[in-house]
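# Analysis of the macromolecular model
Spelled out, the chains give:
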Amino acid sequence: MIENIIKSLENNLSESEKVIAMYVIKNKKIIGEITSTELAKKIGVSQSSIIKFIKKIGFSGYVAFKLQLERDLEHKKNLLKNKIHSEIDLEDSLEEVTKKTLAETVEALNTTVGVIDYKNFETIIEKIRESGRILIIGTGMSSIVARDLELKLMKIKIDTVHYESKQMQLMKLSTMDVNDLIIAISHRGETQEILDVVGIAKEMNICVISITSIGKNTLSSLSDYNIGVVSKESILRSSAISSRMAQMIILDSIFLRLMQKDYKKVKEYIDRSKKIVGWVEK
């Protein structure tokens, strides 16, 4: 996980931070046995540079950083064992499965929130707020996340639609212009159907925001703006448990921030929605 975070932030690292990053990637086992002062001496930088680097990649301190490195090493070993999903064994009890799933999800949420570029995130929210129409695209499990965002934005009267079908996405795209917005959701950022639609959107000069796993991928490279989430998925990749939850916290944050910015108007829309839906349900 730490290696993925470092790679995703590579372009934002200073030269000295890149030196630290390279040493960390190549010497994970050693770092678990030494202090931050000793690490600084080995690399040839100050201890404050080590701490600054650790905080930049999303950790509160050296101890938390070392613990994650140990987890990463253990995770690598587990890949060679009989694992069905990240830290979960075939022999685990239901209680163990539940607790491990919770721990993995919490880890993904904490790490994702820790590495967000909040200036970039604020710009993304403003783009959503100011856009004409929004098309949200995502397939498979990402479609579930996309549908949730569609419903959230609809509640606050933002003209939004989600289609899982590529044909429907393209039909909608054909009616859009430079004032509109595409939000593309893909865990790996390599789903060909999504890349095809985004490629056409870019040719039409339509702004694209993507939500992908952290690190370099084709979708994030094609996008004008990207938010990366951190998770560990293995053999049962189709479940995408921690990545889906990390994506959901991003969506909730977008929704709540939009509510903050236009609270009076948004509250009126939500109250009206509740009233109308209430009539129908009666």
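Residues numbered from 1 in each chain as written. Predicted model: local features only at pLDDT ≥ 70, side-chain atom pairs only at ≥ 80, totals over all residues. Heavy atoms only, no water.

### Overview of the pattern of salt bridges
Defined as follows: What counts as a salt bridge is simple: a side-chain nitrogen of Lys or Arg found within 4 Å of a carboxyl oxygen of Asp or Glu. Labels follow the DSSP assignment, with helices taken as runs of H or I lasting at least four residues and strands as runs of E lasting at least two, numbered in each case from the N terminus. Per-residue accessibility, obtained with a 1.4 Å probe over protein chains only, is compared with the maximum for each type, and a residue is labelled buried under 20%, exposed over 50%, and partly exposed between these values.
Here the structure, examined in full by the defined rule, presents 18 salt bridges. Residue glutamate 122 pairs with lysine 261 through a salt bridge whose shortest N-O separation is 3.5 Å. With glutamate 122 in helix H8 (residues 118-130) and lysine 261 in helix H13 (residues 241-261), this pair connects stretches of sequence that are 139 residues apart. On the basis of relative accessible area, glutamate 122 is assigned to the partly exposed category, the value being 27%. With relative accessibility at 28%, the residue lysine 261 sits in the partly exposed group. Between aspartate 252 and lysine 152 there is a salt bridge, and its shortest N-O distance comes to 3.1 Å. With aspartate 252 in helix H13 and lysine 152 in helix H9 (residues 141-155), this pair connects stretches of sequence that are 100 residues apart. Look at lysine 152 and you get buried, because its relative accessible area is 13%. Salt bridges here are not isolated pairs; linked through shared partners, they connect Glu122, Glu126, Arg129, Arg257, Lys261 and Asp262.

### With respect to the confidence of the model for the chain
Convention followed: pLDDT is defined as a per-residue confidence score from the predictor, taking values between 0 and 100. Here, two residues are considered to be in contact whenever any of their heavy atoms come within 4.5 Å of each other.
Across the chain, the average pLDDT comes to 85, with 90% of residues at or above 70. By mean pLDDT, the top-scoring element of the chain is strand S3 (residues 134-137) (98), and the lowest-scoring one is strand S1 (residues 83-85) (50). This stretch, residues 234-239, has a pLDDT under 50; its non-local contacts, to residues over four places away or in other chains, come to 13 contacts.

### Some details on unusual backbone geometry
The backbone of lysine 157 shows a phi angle near 60°, a positive value even though the residue is not glycine. Look at lysine 157 and you get exposed, because its relative accessible area is 57%. Residue asparagine 205 is not a glycine yet carries a positive backbone phi of 60°. One can find asparagine 205 in the loop between helix H11 (192-203) and strand S6 (207-213).

### Some points on the side chain of lysine 152
Heads up, the rule is: N or O atoms within 3.5 Å of each other form a polar contact, as long as, within protein, one can give a hydrogen and the other can take it, and as long as residues adjacent in sequence are counted only when both atoms are side-chain atoms.
Side chain to side chain, lysine 152 and aspartate 148 meet in a polar contact 2.5 Å long. Not counting chain neighbours up to four residues away, the residues in contact with lysine 152 comprise Leu251, Asp252 and Phe255.

### Things to note about the packing of helix H2 (residues 15-26) against helix H5 (residues 47-56)
Rules: Every axis corresponds to a line fitted to the C-alpha atoms, with the helix fit spanning only the stretch in contact, and the corresponding angles, defined between N-to-C directions, vary from 0 to 180 degrees. Any angle that is under 35 degrees is reported as roughly parallel, and any over 145 degrees as roughly antiparallel; angles of 65 to 115 degrees are reported as roughly perpendicular and all others as oblique. For this classification, the nonpolar set comprises Ala, Val, Leu, Ile, Met, Phe, Trp, Tyr, Cys and Pro, the charged set comprises Asp, Glu, Lys and Arg, and every other residue, Gly included, is treated as polar.
For the pair H2 and H5, interaxial distance at closest approach is 10 Å and the crossing angle is 75°. The orientation of H2 with respect to H5, classified from their angle, is roughly perpendicular. Taken together, the residues of H5 that come into contact with H2 (itself represented by Glu17, Ile20, Ala21 and Val24) are Ser49, Ile50, Lys52, Phe53 and Lys56. When its residues are assigned to classes, the contact of H2 with H5 shows five nonpolar, one polar and three charged.

### Details of the nonpolar core
For soluble globular proteins, the rule of thumb is that nonpolar side chains tend to be buried together. The test is simple: We define the nonpolar core as a collection of buried residues of types Ala, Val, Leu, Ile, Met, Phe, Trp, Tyr and Cys that are connected through side-chain atoms lying within 4.5 Å of one another.
Counting 30 residues, the largest nonpolar core has Ile128, Leu153, Ile156 and Ile183 as the members making the most contacts within it. Of all the elements in the fold, those that place two or more residues in this core are H8, S3, H9, strand S5 (181-185), S6, strand S7 (225-229), H13 and helix H14 (263-281). If you tally residues by element for this core, the top one is H13, at seven residues. For isoleucine 156, the residues in contact, after removing those within four places along its chain, are Phe255, Leu258, Met259, Val266, Tyr269 and Ile270. Grouped together as the second largest cluster of nonpolar side chains are 26 residues, Tyr23, Val24, Ile50 and Leu69 included.

### A closer look at the sheet that holds S5
What counts is decided by this rule: What makes two strands pair is DSSP finding at least two bridges between them.
Read from one edge of the open sheet, five strands run S4-S3-S5-S6-S7, paired in parallel fashion. Edge positions in the open sheet fall to strand S4 (160-163) and S7, since each of these has one partner strand only. Along the sheet, successive strands turn relative to each other by an average axial angle of 15°, direction set aside. Pairing geometry for S3 and S5, over four bridges, is parallel. If you follow isoleucine 136 over to S5, its bridge partner there is isoleucine 183. Against the sheet, H8 contacts S3, S5, S6 and S7, and its axis sits at roughly 125° relative to S7. Lying over the sheet, H9 contacts S3, S4 and S5, oriented at roughly 165° with respect to S4.

### Re the packing of helix H10 (residues 166-173) against H11
Contact geometry for H10 and H11: axes closest at 10 Å, N-to-C directions at 10°. Classified by the angle between their axes, H10 and H11 sit roughly parallel to one another. Contact residues: H10 offers Lys166, Gln169, Leu170 and Leu173, while H11 offers Glu193, Ile194, Asp196, Val197, Ile200 and Ala201. Partitioning the contact of H10 with H11 into residue classes produces six nonpolar, one polar and three charged.

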